Amino acid sequence: MTLNPQLNQDGALKHLLTIDGLPRAILTHILDTAEGFIAVSEQEVKKVPLLRGKAIFNLFFEPSTRTRTTFEIAAKRLSADVINLNINASSQSKGETLLDTVDNLAAMQADMFVVRHAQSGAAHMIARHVAPHIHVVNAGDGRHAHPTQGLLDMFTIRKYKGEFHNLRVAIVGDVLHSRVARSQIHALTTLGVPEVRVIAPKTLLPTGVEQLGVHVYHEMAKGLKDVDVVIMLRLQNERMRGALLPSAQEYFKYYGLTPDKLTLARPDAIVMHPGPMNRGVEIDSAVADGKQSVILPQVTYGIAVRMAVMSILAGN
Amino acid sequence: MPIITLPDAETLVAQLAAAIKPTLTPNTVLVGMYTGGVWAAQQMHALLDPDMPHGDLDISFYRDDFDRIGLHAQVKPTRLPFEVEGRDILLVDDVLYTGRSVRAAMNALFDYGRPARIRLAVLVDRVGDRELPIMADFVGATASVPAHQHIHLVRDDAGRLKLKLVDLK
């Protein structure tokens, strides 16, 4: 237990860096706590005083709109003071190292860092470096992990499906480059989903992906059969240049989620996407805007889940 | 040390309901505080007026001990299916002790709107242990309990309520 850098000596969550290795009880506690925060967004005053006087720094070394904004809203609804730093535009371009930046912000009495970085392991490095009273949340590091996205996806699945133990979930697309997919797979298997599938061309799957406990499919026709949840991944345009795929049109033909392909899944299947979507590349507009889509509720639930994560960390 | 016998919880609920009933207005709503207050409010609601709006309040996000003990282990969703603004709120809790929970509950309610009035009904008032200037409008029974003990309301599988004395670790 004590070897997990995310947990304190009592086994409580101190940083959230990755879902990999977290016990089911901690994941369930976060989801249950998030249920309580859903109600806060329905109050006349959409704020609770839990983190009053705490300073939360959003350190985004990589651009993001949705994640940064929902973290900011979440922190503000907890009454924390939020400071957004768009690092691309400042110190790093002047040559300051990551840890020097962190030290300087810690000297400004930071209580929590929310970190997004293009390098896998950046949030881990910061968590190891900071003083014991400071908490770190990984908001996406390289290809490694995006734990709050994974958790909000689990929250969404539980909202619509109730339970995890009887589900078939398919993750479709660029698993190779996706930190979101890794966090989703760890969360789904930890929460007891019996069948997690990945559907992708061979060039977009990491070698040994089966070792994560997933079933591998290369064809939508087989992989989508009878699933309860379809999670589409964003296809990053720059992947085309790496000769991993012939063209966006060809990708859409084989792996794009169209209303036709969706009929293979169970009639009550839900469709999820972490955003931002490429309409006409990985998902057809008719599906994205269709009645099985829960893509916008995912965004709303993301606020409650991030409020839960930040308040649990700050209290441990 | 004297053995403290606690009164029967269900009798207290019935007595409270009888005392509250003549004071109800069409504007009154019932709000139970998790967990014991929600159970007591549910039973009271059945005895008072089944058509009266009622809700459940979780005060985890408003507690004043967050910095010392962190977030409460079990957060329950607050459910207030009515406008708080202008309402006559009857707040129900199992035990009134330091008054800190009631302070938190009032803060929480005000984030939903400005009630016309808030009154407090408790099954048990632990007299002499208050840390805030708060008192109840309706009290089932008073009790004097040593500081190392806690009065808990428990509910069995059949839904029956019972007061229990627990030693604090």
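Residues numbered from 1 in each chain as written. Chains lettered and ligands numbered in written order. Predicted model: local features only at pLDDT ≥ 70, side-chain atom pairs only at ≥ 80, totals over all residues.

You'll find chain B entered in an unreviewed UniProt entry as Uracil phosphoribosyltransferase, with Sulfuriferula multivorans given as the organism.

The name an unreviewed UniProt entry assigns to chain A is Aspartate carbamoyltransferase, from the organism Sulfuriferula multivorans. According to UniProt, the comment filed for chain A under the heading Function (unreviewed entry) is "Catalyzes the condensation of carbamoyl phosphate and aspartate to form carbamoyl aspartate and inorganic phosphate, the committed step in the de novo pyrimidine nucleotide biosynthesis pathway." If you open the UniProt record of chain A and go to Pathway (unreviewed entry), you find "Pyrimidine metabolism; UMP biosynthesis via de novo pathway; (S)-dihydroorotate from bicarbonate: step 2/3." (UniProt positions renumbered as here; feature names shortened; annotations may be inferred.)

This part is about the overall build of chain A. In terms of regular secondary structure, chain A is built from 12 helices and 9 strands. Here chain A has a C-alpha radius of gyration of 19 Å; the compact-globule value for 316 residues is 20 Å, and the two agree. Overall, the C-alpha framework of chain A stretches about 55 × 45 × 40 Å when taken along its three principal axes. Buried positions account for 47% of the 316 residues belonging to chain A. (Helix = DSSP H or I, 4+ residues; strand = E, 2+ residues; numbered from the N terminus. Rg over C-alpha atoms; globule rule 2.2 N^0.38 Å. Buried ≥ 20, exposed ≤ 12 C-beta atoms within 10 Å, placed from the backbone.)

Residues and elements named next belong to chain B. Here H148 shows up in the loop between β5 (138-143) and β6 (149-155). When the C-alpha positions of H148 and K76 are compared, they lie 27 Å apart, and in sequence the two are 72 residues distant. Filtering out sequence-adjacent residues up to four positions away, H148 remains in contact with D167 and L168. (Contact = placed C-beta atoms within 7 Å.)

On to the sheet that holds strand β8 (residues 229-232) of chain A. All names here are of chain A. Read across the sheet, 5 strands follow the order β7-β6-β5-β8-β9 without closing on themselves; strand pairing throughout is parallel. Each edge of the open sheet is held by one strand with a lone partner, namely β7 (215-217) and β9 (270-272). Strand after strand, the sheet turns through a mean of 20 degrees between neighbouring axes, direction not considered. Note: strand β5 (residues 168-172) against strand β6 (residues 195-199), 5 bridges, orientation parallel. Looking at β6, one finds that V169 is bridged to V196. (Pairing = 2+ DSSP bridges. Axes fitted to C-alpha atoms, helices over the stretch in contact; angles between N-to-C directions.)

The next thing to look at is the domain arrangement of chain A. Residue and element names in this part refer to chain A. In terms of domains, chain A is made up of domain 1 (24-145 + 299-315) and domain 2 (147-297). Computed over C-alpha atoms, the centres of domain 1 and domain 2 are 26 Å apart. Domain 1 puts 22 residues into the contact, and the matching count from domain 2 is 19 residues. Taken together, the elements giving at least two residues each to the side of domain 1 that touches domain 2 come down to α1 (24-40), β4 (135-141) and α12 (295-315). It is α12 that contributes the most residues to the side of domain 1 that touches domain 2, 7 residues altogether. Tallied by class, the residues present in the side of domain 1 that touches domain 2 amount to 11 nonpolar, 6 polar and 5 charged. (Domains from an automatic or database assignment. Nonpolar A, V, L, I, M, F, W, Y, C, P; charged D, E, K, R; others polar.)

Further remarks concern the interface of chain A and chain B. At the junction of the two partners, chain A supplies 18 residues and chain B supplies 14 residues. Among the secondary structure elements, those contributing two or more residues to the side of chain A that touches chain B are α1 and α12 of chain A. Residue contributions to the side of chain A that touches chain B peak at 7 residues, all from α1(A). Per-class residue counts for the side of chain A that touches chain B are 8 nonpolar, 6 polar and 4 charged.

Bringing the pairing of strand β2 (residues 81-86) of chain A into the picture now. All names here are of chain A. Relative to β2, strand β1 (residues 55-60) runs parallel, the two being bridged by 6 bridges. Across the sheet, residue F60 finds its bridge partner in β2, namely N86. Taken together, β1, helix α2 (residues 66-77) and β2 constitute a β-α-β crossover, and its handedness is right-handed. (Right-handed = clockwise from strand over helix to strand, strands pointing away.)

The next thing to look at is the UniProt feature "domain: Phosphoribosyltransferase" (unreviewed entry) in chain B. With numbering aligned to this structure, UniProt lists the feature "domain: Phosphoribosyltransferase" (unreviewed entry) at residues 10-142 of chain B. As annotated, residues 10-142 of chain B comprises 29% helix and 26% strand, and the C-alpha atoms at either end are separated by 15 Å.

This part takes up the sheet that holds β1(A). Residue and element names in this part refer to chain A. Read across the sheet, 4 strands follow the order β2-β1-β3-β4 without closing on themselves; strand pairing throughout is parallel. Every other strand in the sheet has two partners, leaving β2 and β4 as the edge strands with one partner each. The mean inter-strand angle of the sheet, taken between neighbouring strand axes irrespective of direction, is 15 degrees.

Take the packing of helix α5 (residues 147-161) of chain A against helix α6 (residues 179-190) of chain A next. Two quantities define a packed helix pair, namely the angle between the axes and the distance from one axis to the other. Residues and elements named next belong to chain A. Packing of α5 against α6 leaves a shortest axis separation of 8 Å and a crossing angle of 50 degrees. Judged on the interaxial angle alone, α6 and α5 are oblique. α5 and α6 meet at a crossing whose hand is right-handed. Each of P147, Q149, G150, L151, D153 and M154 in α5 lies in contact with α6, whose residues at this interface are V180, S183, Q184, H186 and A187. Of the residues contributing to the contact of α5 with α6, the split by class is 5 nonpolar, 5 polar and 1 charged. (Parallel < 35°, antiparallel > 145°, perpendicular 65-115°, else oblique. Left-handed = near helix turned anticlockwise from the far one by under 90°.)

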